[in-house]
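Here is what each chain is made of, one letter per residue.
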Amino acid sequence: SQQHFFLSSLFISNFKQEEIPLMMMMMMSPASAVKMMMAAGLLALPRLLLGLLLLITTTTMMTAFMMLDGGQVVVVSAHQIARKVPPLACFGDAPVARMQIDVVRSDFSSLAATSSGSTLFALNNGEKAAFQFTISSENGKIEKIAEWNLTNIVADPEGIAYLGVNKAGHEFAITDENPSKVHMVTLQHGGGEITSSSVMTTAIDPPAMANLGFEGVANVPGEGLFVVQEQKPAALWFVAASRGVVTTPQKLVDTANTLGIDALSDITAAGGDAAEPAEVFVLSKAPKQITRLDISDRNNVKIIEQYAGAICGMKQPEAIAFTTASEDGKKVRMLVGGEPTELLIFEADVDCDKKLNSTEGAVFSCPDLAATVGCDMTIEEGGCPQRRCDKALSNSEKVCTDDSPDTQCSLEECKQKCTNHAAFKCSTYAYDEAEKECYVFESCVGETDEPDYTLYVMRKGCDMTIEE
């Protein structure tokens, strides 16, 4: 009905009044349409051919295509990605399945589904790669379909959102974390190397700090793109996407100051029909939870509800998507991914009668972290291998990156940057020997396993003077 309505409006605006019966045919069966043509005297050959062309075009239309509506990129599909998501309490306190998405290999950073939900796409930001795979509903077997190399178009791919399909392949919006931009990318059928993309946005101003830029993107049909910035500040942005036009992102809300969400990981769109409020779901690392946001008024983004539950136990939640879980559409599946390759699958009935904002206890928010004795080893003592402070919970800065040899540093230089850091007094630093990257921390909160890093303290024990 959406396809018929759109085309009816399009053609009515381009035909004379006496030709409007041609548009009415598109709402009829072929037999009824021919009868109407006869009654309207439209059987002259040119009119007949035109009428039949319009009829065939609309009754055999492809199930998914891209169109421009008021300058915005809009996805029209017989099976929209956007689907009704029940109150988050309906997903219970535990997933129905836990698995490792080994086809992604590592650095699982975002997730998107095709319009039918049968095929999934994921990003590995470390290797700058995208993957297409399926998960069997019968035995949970994961089958890799294709892989793409994104090295030529983005430096740090963190977010992915499905836009539609064209002859060459599937179209996506993919974010580059630094500089914080959004690209329109066609992942061609069969995989391979991606050599070109269309830049959809300018970089944000002021620029995001290293590794704290655009972390996820969602496509809301009829609205545009909504993008999350990871931290400093954690923020929600809007992009009035237009094919072939570079637009400036609009900052909607500082989620840390306004909504109490300090570090964002990903965002996805899902919802019901146009009569319901426009919604997005953001996944965050601090606090670890999923938050349902009302974006119907972009000047007043509001929290509808939140969900923590099993998200609390994830090492680093990074990806979220919704798909249908049954052919009849009566069940919806919530997929939550995390580094390095973790995936939790939750299910709920679409018609679940629980109320919005009805999560309680640990399903509403994660319990406070218990106090633990962390790393207390200096550089002279070899530090603490495979450990790093939680950069979302700690006041931190990435002072060396692998973007180029000029931005990398040695371990000794990493320590010196901690010693000389001006923004705060650095107590702890973490170094990645392979990538020559360095983080400095004011205090170490949420120390966790991190295979690539070694953690060091500046001085052992208490590090506070009488003035402090």
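Residues numbered from 1 in each chain as written. Predicted model: local features only at pLDDT ≥ 70, side-chain atom pairs only at ≥ 80, totals over all residues. Heavy atoms only, no water.

Caption draft 1: Region of interest: the overall build of the chain. When helices and strands are counted, the chain shows seven helices and 28 strands. In the chain, which comprises 468 residues, the proportion classed as buried is 50%. A total of about 21300 Å² of accessible surface is found on the chain, and carbon and sulfur atoms cover 52% of it. (Helix = DSSP H or I, 4+ residues; strand = E, 2+ residues; numbered from the N terminus. Buried < 20%, exposed > 50% of the residue type's maximum accessible area, 1.4 Å probe, protein only. Areas by Shrake-Rupley, 256 points an atom, 1.4 Å probe, with all protein chains shown as cover.)

Caption draft 2: Highlighting the confidence of the model for the chain. When pLDDT is averaged along the chain, the result is 81; 78% of the residues meet or exceed 70. When the criterion is pLDDT under 50, residues 1-45 qualifies, and its contacts beyond four places in sequence or with other chains add up to 54 contacts. This model gives residues 54-82 a pLDDT under 50, and the stretch forms 75 contacts once residues within four places in sequence are excluded. (pLDDT = per-residue confidence, 0-100. Contact = heavy atoms within 4.5 Å.)

Caption draft 3: Inspection of the state of the cysteines at higher detail. Overall, the coordinates contain seven disulfides when judged by the stated rule. Covalently, Cys418 is tied to Cys426 through a disulfide, its sulfur atoms 1.9 Å apart. On the sign convention where negative means left-handed, the S-S torsion of about -95 degrees between Cys418 and Cys426 marks this disulfide as left-handed. As far as the burial class goes, Cys418 and Cys426 line up, both buried. (Disulfide = S-S within 2.5 Å.)

Caption draft 4: Spotlight on the sheet that holds strand β3 (residues 97-100). In space, the four strands of this open sheet follow the order β3-β23-β22-β21, with antiparallel pairing throughout. In this open sheet, the two edge strands, each paired with only one partner strand, are β3 and β21 (317-324). Adjacent strand axes in the sheet meet at a mean angle of 20 degrees, parallel and antiparallel pairs treated alike. (Pairing = 2+ DSSP bridges. Axes fitted to C-alpha atoms, helices over the stretch in contact; angles between N-to-C directions.)

Caption draft 5: Here's a closer look at the sheet that holds strand β26 (residues 428-432). Strands sit in the order β24-β28-β26-β27-β25 across an open sheet of five strands; the sheet is antiparallel. Each having just a single partner strand, β24 (384-388) and β25 (396-400) make up the two edges of the open sheet. Pairwise comparison of adjacent strand axes, ignoring direction, gives a mean angle of 40 degrees for this sheet. As judged from the four bridges shared by β25 and strand β27 (residues 437-441), these two strands associate in the antiparallel manner. Each bridged residue has a counterpart across the sheet, and for Glu397 the counterpart in β27 is Val440. Taken strand by strand, helix α7 (residues 411-420) contacts β25, β26, β27 and β28 (448-457), and its axis lies near 155 degrees from that of β26.

Caption draft 6: The environment of Arg333, seen in detail. Looking at the secondary structure, you find Arg333 in strand β22 (residues 331-338). Sequence separation between Arg333 and Ile345 is twelve residues; the distance between their C-alpha atoms is 6.8 Å. Once you skip the residues sitting within four places of it in the chain, Arg333 turns out to touch Phe91, Ala321, Phe322, Thr323, Thr324, Ala325, Ile345, Phe346 and Glu347. At a separation of 2.9 Å, a polar atom in the side chain of Arg333 contacts the side chain of Glu347. (Polar contact = N/O pair within 3.5 Å; in protein donor to acceptor, adjacent residues only side chain to side chain.)

Caption draft 7: A look at the side chain of Thr401. Inspection of the secondary structure assignment puts Thr401 in the loop between β25 and α7. Looking at Thr401, the relative accessible area reads 9%, which means it is buried. For Thr401, the contacting residues outside a window of four places in its chain are Ala210, Thr407, Gln408, Lys436 and Glu437.

Caption draft 8: Local environment of the pairing of β28. In this sheet, β28 lies alongside β24 in antiparallel orientation, the contact comprising four bridges. Bridged to Arg388 within β28 is Thr448. Across four bridges, β26 lies against β28 in antiparallel orientation. Across the sheet, Tyr429 pairs through a bridge with Tyr456, a residue of β28.

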